[in-house]
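Residues per chain, in single letters:
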Amino acid sequence: MIQLVELVKYYGRTPALRGVNLKVEAGELFVLLGPNGAGKTTLIKILTTLLRPTAGEAYVAGLSVLRSPQAVKERIGYLPDVPELYGKLTGCELLEFLADLHRVGDRHRILELLERMELQEAAHRFVETYSLGMRKKLALAGALLHRPEVLLLDEPTGSLDPRSARVVKDLLRELCQAGTTVFMTTHILEVAAQLADRVGILDRGRLLACGAVAELLAEHRCASLEDAFLALTGTGEGPEGVSP
Amino acid sequence: MRAQRPRTWWLLLRLRTRIAWNTLRTLSRGRLLLSVLLLALLGAYGVQLTGVFFHLFRAAEDPLAFATANFGMFFLFGIVQAASIAMQRFVTDSDLELLGALPIPPRDLFVFRFWGVNADLLRLGLLSVPFYLGYGLALRLPWGRWALLALGWALVWLLSAALGVLIVLGVIRLVHRRGRAAFFRVTSLLVVVGLFAVLMGYASFVRHEDLRTLVASMQRWSGLLRWAPTTWCARLAVVHSPWQEVLGLVVATALSVEGAALAYVRGFRYEDALVERGGGTARRRRQAAPRPLRPAWWAVFVKETRTALRDPSLLFGWVSPIVLILLVFYFTQSDTAGGPTFYLSQNMVGFFVALRVAFSLISREGETFPWLRVHLRTLRPVIFAKSLFASIFALPLVLLAGLWWSRAPDWRLWVGGLGIAVGYGTFGVGLGGLFPRFQPGGATRSVRLPGFVALYTYFFVATFGLALSEVLKRPWIAAFVLSGMVLVGLWTAARGSRRLAAMEL
């Protein structure tokens, strides 16, 4: 469902991704881990077609992000790390706009998602009055409106309270069971350990490891995902100025 | 895909309309009142300037050459202003990522952003209306020619928007990110300063009735601007069969818009819009070097100055109503207008500084006040810095207003100007603190009515007192009123800082 072939991305002379190869199957929940500036957001933005790779290829739902960007956009749902939404629209109005763009005629879908995200009471308030966590849940509802084949989520549980994080995690599991492919990044290793079918660890633009959590722990002889992560990436931060 | 296009256009247009409507319906009564006041001011400016240009066009030996110069000047301003707006709409708008990841055809996205540029450019376009009206009235145009002139006006503004967008799309591909940001900041500032300098220049000419010099200088300009498409627009009103001019304008506009659309569809990349993070070697070296500690008030003052200089639209929004009010005063008063007018114009400037600049300095701080509160023992340095900024901002404008009315500037001008600038600067910031727009939790609300009432009262008392001192020829009354204004301003600022410090955020 997602395939990366020798994917390279440079910002000027600064490398962000250096020859990443990866394949994510349909219905799989793949979690990409990595320190700040590792290239996670760049990778997700290439999959959303917002960024163009310097070299290599990326395929989403069998379509090239370079050659068929419009068709790719119709098949994905995207949640950015910090969703920038229109503050002077109500939550309901924003979802109606997105539903119209995706040609989703079923108005019950909006209500269903608002309810699922526990936003029904805030649905008629302006988005500018929402907390960051509420905005994130609203943006996730927007990403799910058209039942996309592939979900690309950048830090979906960041800034969510434990209850909301549980709602999102349950939802992601259900989606995967229904056949949706989920590709997400996170800094929260517990979330990765709980949810992921497979995890990948990206550092300084290179995919250092990839596999099921148990496989990674066994391969690197570590007791926890945190130990494996630190063993692979070291404790230092990634290079500055890589991630947009 | 082709069948889908009008539908996506429509959705994006509906989105923009909904946001505008929601913004309008949540405005407070105070903001609505302010908007009506500004509209009335703009209307007064329009009527006055139309009259001025009616006489100028009548006096001109060659109205066509004169119109060419005027229209051409606005066309050039339009291009640069459009480039400045397009820089925001195409490169830094917060919805770039949201819309970029949605299945919207790039051409529809271009149309959406292009109309956004046009909507913002309309403010500058409206300033040019008196020129066109004056021209048409002086030539006693029939209705058909008026329609052609209006069409020409609309096409010229569309054309300048398209050219501005083209420049931006070219610059973001060719110029380094930091370089282009600086480039657009400087050019936008030059437009603001240049436009007002020209309007002031007109005002000065008109006031001293030196029309022949003005007309001669404008006719020299028209020679330089003969290449501009605005020449066709000016000719629309005078040539026997203007269809060639209409066709020329339509083709030039269509080609420019299509060119900009193609440049966007084929050449624009989201990463061109990204703001580069991390600094160059020089910046890293600067960051590594030890730096002297700034006092809190100086840090806030430097921050406000940087913000104002880096946001030309903010500066434009602050300066334009003040300059408009000065122009209206200048055009409406005779040379014999005495001292009361002198003080009235200065107080009007102070009033608008308090209303636009000082209130905004506080309300923009909504998200950082909790942080400031944690790190500072008292908010007094913050309020002091903001008052200082507002006063320094007001001082040249207040002095300018005074200089216009003073044949022989004396101490009243300098001391009075200083008192009025400091008075309104501190009073406005103090009121912003007493009736803040932001609410606990970081949300904002509109300016509160008691703040407006207090400001109007301050304005009327100050103007009446100062005017009275002129009428009665009692300078001690002016000294008393001015010192009272400063004291009340300082007292309000102190109260405002205490109110903010005690506010639950």
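The rules behind each value
Residues numbered from 1 in each chain as written. Chains lettered and ligands numbered in written order. Predicted model: local features only at pLDDT ≥ 70, side-chain atom pairs only at ≥ 80, totals over all residues. Heavy atoms only, no water. Helix = DSSP H or I, 4+ residues; strand = E, 2+ residues; numbered from the N terminus. Buried < 20%, exposed > 50% of the residue type's maximum accessible area, 1.4 Å probe, protein only. Contact = heavy atoms within 4.5 Å. Areas by Shrake-Rupley, 256 points an atom, 1.4 Å probe, with all protein chains shown as cover. Pairing = 2+ DSSP bridges. Axes fitted to C-alpha atoms, helices over the stretch in contact; angles between N-to-C directions. Arc of directions from axis to C-beta. Expected span 1.5 Å × (residues − 1). Buried area = accessible area lost by both parts, 1.4 Å probe. Salt bridge = Lys/Arg side-chain N within 4 Å of Asp/Glu carboxyl O. Polar contact = N/O pair within 3.5 Å; in protein donor to acceptor, adjacent residues only side chain to side chain. Nonpolar A, V, L, I, M, F, W, Y, C, P; charged D, E, K, R; others polar.

Participant: It is not clear to me how the overall build of chain A should be interpreted in this structure. Could you clarify?
Facilitator: Of regular secondary structure, chain A possesses 9 helices and 10 strands. Projected onto the principal axes, the alpha-carbon positions of chain A cover approximately 50 × 40 × 35 Å. Out of the 244 residues in chain A, the part that is buried amounts to 59%. Of all intrachain contacts in chain A linking residues separated by at least 6 positions in sequence, the fraction that spans at least 24 positions is 68%. Surface accessibility of chain A: about 9900 Å² in total, with carbon and sulfur atoms responsible for 48%.

Participant: Sorry, what's going on with the sheet that holds strand S6 (residues 76-79) of chain A here?
Facilitator: Adjacent strands of a sheet pair through backbone hydrogen bonds, lying either parallel or antiparallel. All names here are of chain A. Pairing is mixed in the open sheet, where 6 strands are placed in the order S6-S7-S8-S3-S9-S10. Every interior strand has two partners, whereas the edge strands, S6 and strand S10 (206-211), have only one. Between one strand axis and the next, the sheet turns by 15 degrees as a mean value, whatever way the strands run. Sheet topology note: the strand S9 (residues 198-203)/S10 ladder contains 5 bridges and is antiparallel. Bridged to Gly-200 within S10 is Cys-210. Sheet strands touched by helix H8 (residues 213-220): S9 and S10. Its angle to S10, the strand with the most contacts, is close to 110 degrees.

Participant: Can you help me understand helix H9 (residues 225-233) of chain A in this one?
Facilitator: Quick reminder: α-helices carry 3.6 residues per turn. Residues three or four places apart thus point the same way. Residues and elements named next belong to chain A. All of the buried residues along H9 are Leu-225, Ala-228, Phe-229 and Thr-233. Angularly, the buried residues of H9 cover 110 degrees about the axis, an arc narrow enough to put them on a single face. Buried residues in H9 make contact with strand S3 (29-33), helix H7 (189-195), S9, S10 and H8.

Participant: Can you help me understand helix H5 (residues 132-144) of chain A in this one?
Facilitator: Residue and element names in this part refer to chain A. When the terminal C-alpha atoms of H5 are compared, their 18 Å separation across 13 residues agrees well with the 18 Å that a helix rising 1.5 Å per residue should span. With respect to burial, H5 is a largely interior element, 11 of its 13 residues being buried. Within H5, burial applies to Gly-133, Met-134, Lys-136, Lys-137, Leu-138, Ala-139, Leu-140, Ala-141, Gly-142, Ala-143 and Leu-144. Taken together, the buried residues of H5 touch S6, helix H3 (91-101), helix H4 (107-116), strand S7 (150-154) and helix H6 (162-177).

Participant: What exactly am I supposed to notice about the interface of chain A and chain B here?
Facilitator: Interface size, as often reported, equals the accessible area lost upon joining of the parts. Each partner contributes residues to the interface: chain A has 27 residues there, and chain B has 31 residues. Here chain A meets chain B over a buried area of about 3100 Å², counting both sides, of which 62% is carbon and sulfur. Counting the surface chain A buries against chain B, the share from its top three residues, Leu50(A), Tyr86(A) and Leu101(A), is 21%. Counting across the chain A and chain B interface gives 3 salt bridges. Two residues, Lys45(A) and Glu97(B), come together in a salt bridge whose shortest N-O distance is 3.8 Å. Where chain A touches chain B, the interface holds 9 residue pairs in polar contact (both at pLDDT 80 or more). Secondary structure elements with two or more residues in the side of chain A that touches chain B: strand S1 (2-11), helix H2 (69-75) and H3 of chain A. Per element, the largest residue contribution to the side of chain A that touches chain B is 5 residues, and it comes from H3(A). Across the side of chain A that touches chain B, the residue classes break down as 13 nonpolar, 4 polar and 10 charged.

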